[in-house]
Amino acid sequence: MSTDTVVPEMAQTPSVFAGGRPPRRRVPELVSSFLGRDLFGVRLGVLLVIFPMMAATLALQLTSRQGWNHPPDSRYYLPMMSRDMGFSWSHSVHLEQLVSPGTHVSPWYFADNDPTWQMVRTRMLYPVLSIPFIWLWGLSGGSLAIPVLGTVLFVWAIARVLQRLYGPAVAALVAVGFSITVPVTGFTWAGTDTLAMGLAAVIVANLPIERRIGKANLVWLGAASVFIALTRQVGVLAPAMAGAGWLWMLVRERSWRNRWLSSLLVTAATTVVIQVLSMMLVKTDTAGVVGRGQTTYWGILRQFIHYLKIVTQEACTYMWHTDRILYALLIAAGVSVLARFASDATAVFIGAVGATYIITAGVGFSGYMRYEMIMFPAAAVAAGQLIQLLLTNYQKQPGSVEPAAAATAVALADVEAAEAKAIAAVAAVTTGTATGIATGIATDTATGIATDTTADPATDTTADTATDPATDFLRIPAQRRPRGLTGAVAATKPGRFLGLDQPRQDRWKPQLAFNAAVLAVVVGVSLNGSWSSTAAVPTSPSYEAAQGGTSYAVEPLAEQPAEQTLKIFFDQAVGLAHDSGNLQGAVDWVHTLRYRPTAPDQPGWATRDKDGTAVVHPSSMGQDVSMSEAFGQGLSLDSTVRSDTVKILSRQVSEYGEDVVFTIEDKSGVVHHGTATTLYPIWDKKDPATVTSMVFDS
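Definitions and limits used
Residues numbered from 1 in each chain as written. Predicted model: local features only at pLDDT ≥ 70, side-chain atom pairs only at ≥ 80, totals over all residues. Heavy atoms only, no water. Helix = DSSP H or I, 4+ residues; strand = E, 2+ residues; numbered from the N terminus. Contact = heavy atoms within 4.5 Å. 1 Å grid on protein atoms, 1.4 Å probe; cavity = no way out; pocket = protein on both sides within 12 Å on 5 of 7 lines; lining within 4 Å. Points joined across faces, edges and corners; volume = space filled by probe spheres on them. Nonpolar A, V, L, I, M, F, W, Y, C, P; charged D, E, K, R; others polar. Phe/Tyr/Trp six-rings, centres within 6.5 Å; stacked < 30°, edge-to-face > 60°. Buried < 20%, exposed > 50% of the residue type's maximum accessible area, 1.4 Å probe, protein only. Axes fitted to C-alpha atoms, helices over the stretch in contact; angles between N-to-C directions. Parallel < 35°, antiparallel > 145°, perpendicular 65-115°, else oblique. Salt bridge = Lys/Arg side-chain N within 4 Å of Asp/Glu carboxyl O. Patch = residues over 30% accessible without salt bridge, like charges linked within 9 Å, V, L, I, M, F, W, Y side chains within 5 Å. Areas by Shrake-Rupley, 256 points an atom, 1.4 Å probe, with all protein chains shown as cover. pLDDT = per-residue confidence, 0-100. Arc of directions from axis to C-beta. Left-handed = near helix turned anticlockwise from the far one by under 90°.

Undergrad: Explanation requested: the environment of A332 in the structure shown.
TA: Note that A332 resides in helix α17 (residues 324-339). Between the C-alpha atoms of A332 and G384, which are 52 residues apart in sequence, the distance is 8.3 Å. Setting aside anything within four residues of it in sequence, one finds A332 in contact with A382, A383 and L386.

Below, the structure is given as structure tokens:
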């Protein structure tokens, strides 16, 4: 082949550079080019739309709500952080009280027989990750760093997925919408809510939604599934989303070995392993939480459906009155399910909704959409699907594109095609293998040798320009080789072993090593710190009930007579029976309580001892009004006791409380005998003492 067949054609193409120098670019062009760059997979322009507003909102929240930066749940996490830093239980509890003086916490909150602590102690990721920030800003400020970063991770990850699927405009709209919702900003406090939401977004970002994924994505799926299990009890989320995607693809392609299978296997296996380890190491009763005292399958199903109704009503009522932006986004996600039912985004959203319902029904209430936050990433992808569909239909309206603009677009396309042909021709002349190259490219494309894989959420280099979602996963991404320092390391033997010489989407060993190291640090620090428990607390006698004899037993602030405590206790019980009281008062929210249930609907009826009494944990009732009312009925003998008739027959006093035998009359004048154990107040001298046992004679 002679050069005359190519060079004259090239000669007709005007030189791009005048005088061998690139032309000076104008400021608007430089700004446009800058905003079009990607930072960890998201356009800088999209980030500039999202983060200033979100940062301002979070700053206002964190600086204005004061004490609510550390909610009641933080009374567990802050002592865990102190324990992981090497402090004793007594000092850790003391430090938490300095940060949140109005919150009740005691070493018995971390007792070996407390079910709430047995659940919380597995949430070791947040306390360990907070340690470096506590070194910088102290316990109060440092405990807020990870929740803020969790919110940033959530917004960044969903913007990344939305941009890949639907383009920068949809990414900006949906991400901004979710970033200003009340739960996202309001629950950015010293807790695990936003961290779990961010990890859920990482899971969604690495699922094969309208694409194929590689080993790096599978590593991040497994790691995020482990870390989210060490953050909150939401392990069912990842396999539910992957399982729904696999089922959708099975129906569409009639093949069980589809592109969703690997993600399903990884998430399911990881979740099963974590659940088995939790059952072996932690004393929890998941079935009991979901069943709530029901022992038959039909009873558990009816109870589950009952709480599904309660959760849905509470969530919809809250969003209608408080957060209509979130309501609109979730409605958009629901409508997209109907509009594009066969899509991957629909499958992921339905899987996330199902998993969330299982979790919230187990909790028994919605809690201002706090427990539903884990499904926000999947909801964002589904809502973006509808917005993209609407924008596409609008852009296809007749007359929406001017003829001049259309002609310009055609001309630009022709120029680009001509340039591509010229470049290909020059390459052919230079190498003399144009035919071989063309054949190789065609063969690779036809056989799918180049697999569309993406790297981790922080380093993926897949093109982010939106294409048709139905064929997006078939695109072959740019194969960027390592350069600079990474390229130098990649040339070494260890670098080649780690796969650093491979394109980013094929590097899975560094991600695996990094996540394994983080997991090892988290587990190692926790086992030597917050994983331990304090001594188990019985309900009586008072000395053992207050963990007397241990180094962390709290000295009482006042000595309150048992008759005064029991009067307050029975008044509180009557209030509970009529839904006009609360569980915190003469009854501690956490400390176990022994009483005698008198009806099947009362807590502890199904777990009574041989003497007819039962030990209950008030915190397990949550916000279940019916259960609290039944509890009050059992304590007050169906609201018939008269609190002003309490008389103490005998009394045994310890340094922590009293064990008494008492009598009390009901409204008909009948005298009832019973025994009780009370613990002197430890938080405020004016607080009532705590009743840990109140048993009427049978």
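Undergrad: For this particular structure, what's the right way to read the layout of surface pockets?
TA: Over the atoms rolls a probe the size of a water molecule, and in doing so it shows where empty space is left. Taken as a whole, the second largest pocket spans an internal volume of roughly 740 Å³. Contributing to the lining of the second largest pocket are 24 residues, with L153, L199, V202, W220 and F514 lying nearest its centre. Breaking the lining of the second largest pocket down by element, the ones donating at least two residues are α7 (125-142), α8 (145-166), α11 (193-206), α12 (215-229) and α24 (509-527). Here the lining of the second largest pocket gets 8 residues from one element, more than from any other, and that element is α8. For the lining of the second largest pocket, the per-class residue count stands at 21 nonpolar, 2 polar and 1 charged.

Undergrad: What is the right way to look at empty space enclosed by the protein in this model?
TA: According to the stated counting rule, one finds 3 cavities of 30 Å³ or more in the structure shown. In terms of lining, the second largest cavity is formed by S106, P107, W108, A546, Q547, V554, P556, Y656, L679, Y680 and I682. Across the lining of the second largest cavity, the residue classes tally to 9 nonpolar, 2 polar and no charged.

Undergrad: Teacher, can you tell me more about the packing of aromatic side chains here?
TA: How two aromatic rings sit relative to each other is given by the distance of their centres and the angle of their planes. Within this structure, the stated rule accounts for 24 aromatic pairs. Between F51 and W156 the ring centres are 5.4 Å apart and the planes differ by 50°, which places this aromatic pair in the tilted class. Of this pair, F51 sits in helix α3 (residues 44-64) while W156 sits in helix α8; the two residues are 105 residues apart in sequence, bridging distant segments of the chain. Its relative accessible area of 15% is what places F51 among the buried residues. Between the aromatic rings of W89 and W117, the centroid separation amounts to 5.9 Å while the plane-to-plane angle is 85°, which identifies the pairing as edge-to-face.

Undergrad: Explain the side chain of S82 here, please?
TA: The residue S82 is located in helix α4 (residues 74-84) in this model. With relative accessibility at 2%, the residue S82 sits in the buried group. Those residues in contact with S82, other than ones at most four positions away along the chain, are F87, S92, L95 and L139.

Undergrad: Whenever I open this one, the packing of α7 against α24 confuses me. Can you help?
TA: Relative placement of two packed helices is described by the angle separating their axes and the distance separating the axes. For the pair α7 and α24, interaxial distance at closest approach is 9 Å and the crossing angle is 95°. The orientation of α7 with respect to α24, classified from their angle, is roughly perpendicular. Residues L125, V128 and I131 of α7 form the contact with α24, whose participating residues are V522, V525 and S526. Taken together, the residues of the contact of α7 with α24 break down into 5 nonpolar, 1 polar and no charged.

Undergrad: Hey, could you run me through the pattern of salt bridges in this one?
TA: Between side chains of opposite charge, a pair can form as their charged atoms come close. Per the stated rule, a full pass over the model turns up 12 salt bridges. We note a salt bridge from R370 to D193, for which the minimum N-O separation is 2.7 Å. Of this pair, R370 sits in the loop between α18 (344-363) and α19 (376-395) while D193 sits in helix α11, placing them 177 residues apart in sequence. Neither R370 nor D193 differs from the other in exposure class; each is buried.

Undergrad: Explain the side chain of T692 here, please?
TA: Tracing the chain through its elements places T692 in strand β8 (residues 690-696). Look past the residues within four positions of T692 in its chain and what remains in contact with it is T539, A545, H591, T592, L593, R594, T677 and L679.

Undergrad: Where do I start with a nonpolar patch on the surface in this structure?
TA: On the surface, a cluster of nonpolar side chains totalling about 580 Å² of accessible area is made up of V272, V273, V276, L277, M280 and L281. With respect to the helices and strands, the residue V273 is situated in helix α14 (residues 261-281). Note on V273: relative accessible area 47%, which makes it partly exposed.

Undergrad: What is the right way to look at the confidence of the model for the protein in this model?
TA: Residues shown with low pLDDT carry predicted positions that ought not to be read at fine detail. The pLDDT averaged across the protein works out to 83; a share of 81% of its residues lies at or above 70. Note that residues 1-13 has pLDDT below 50 and, in this model, 6 contacts with residues that lie over four places away or in other chains. Contacts from residues 398-413, a stretch scored under 50 in pLDDT, to residues over four places away or in other chains number 3 contacts.

Undergrad: Would you take a moment to explain the environment of R370 for this structure?
TA: Its relative accessible area of 13% is what places R370 among the buried residues. Along the sequence, R370 and V184 sit 186 residues apart, while their C-alpha atoms lie 8.7 Å from each other. What R370 contacts, discounting residues up to four positions off in sequence, is D73, F187, W189, D193 and R232.

Undergrad: Where do I start with helix α5 (residues 89-99) in this structure?
TA: At 3.6 residues per turn, the α-helix brings residues three or four places apart onto the same side. Along α5, the positions that sit buried rather than exposed are W89, S92, V93 and E96. For α5, the buried positions fall inside an angular range of 95° around the axis, keeping them on one side. Looking at the buried positions of α5, the neighbouring elements they touch are α4 and α6 (115-120).

Undergrad: Please explain the packing of α12 against α14 as it appears in this structure.
TA: Where α12 meets α14, the axes come as close as 9 Å, and the angle between the chain directions of the two elements is 30°. Viewed along their axes, α12 and α14 adopt a mutual orientation that is roughly parallel. Considering how the two elements wind past one another, α12 and α14 form a crossing that is right-handed. The segment α12 lies against α14, with L218, L221, G222, S225, V226 and A229 engaging S262, S263, V266, T267, T270 and I274.

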